[in-house]
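A structural walkthrough
So the chains spell out like this:
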Amino acid sequence: MKTVLRLLLLLVIGLIAYGYYLNGDAQGTGEKFIGFGVLLFAFILMPLFIYQRYKNKDLRNYSLKDF
């Protein structure tokens, strides 16, 4: 799971960097790569990361309790 997360992170960073590289041209086609990288980050990478971090934790320890 860690390797999948690392590969996805590298893919997202690569897509965003490539999009910024293409935006240097007058064509403006890099916006598609930047947008796809952000969508991949927000809807695939972040939920997988959150699931991997909290999968074996007791979440009751992190909630506020009535005293």
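Throughout what follows, the structure given in this document is the object of discussion.

Reading the values: rules and limits
- Residues numbered from 1 in each chain as written.
- Predicted model: local features only at pLDDT ≥ 70, side-chain atom pairs only at ≥ 80, totals over all residues.
- Heavy atoms only, no water.
- Phe/Tyr/Trp six-rings, centres within 6.5 Å; stacked < 30°, edge-to-face > 60°.
- Helix = DSSP H or I, 4+ residues; strand = E, 2+ residues; numbered from the N terminus.
- Axes fitted to C-alpha atoms, helices over the stretch in contact; angles between N-to-C directions.
- Parallel < 35°, antiparallel > 145°, perpendicular 65-115°, else oblique.
- Left-handed = near helix turned anticlockwise from the far one by under 90°.
- Nonpolar A, V, L, I, M, F, W, Y, C, P; charged D, E, K, R; others polar.

**Focus on the packing of aromatic side chains**
Overall, the coordinates contain one aromatic pair when judged by the stated rule. Their ring planes at 80° and their centres at 5.0 Å tell us that Tyr 18 and Phe 33 sit as a pair that is edge-to-face. Here the residue Tyr 18 occupies a position in helix 1 (residues 2-23), and Phe 33 occupies one in helix 2 (residues 30-54), the gap between them amounting to 15 residues.

**Let's talk about the packing of helix 1 against helix 2**
In contact at an axis separation of 8 Å, helix 1 and helix 2 are set at 160° when each is read in the N-to-C sense. Judged by the inter-axis angle, helix 1 sits roughly antiparallel to helix 2. As for how helix 1 packs across helix 2, the hand of that crossing is left-handed. Here the residues of the contact of helix 1 with helix 2 sort into 20 nonpolar, five polar and two charged.

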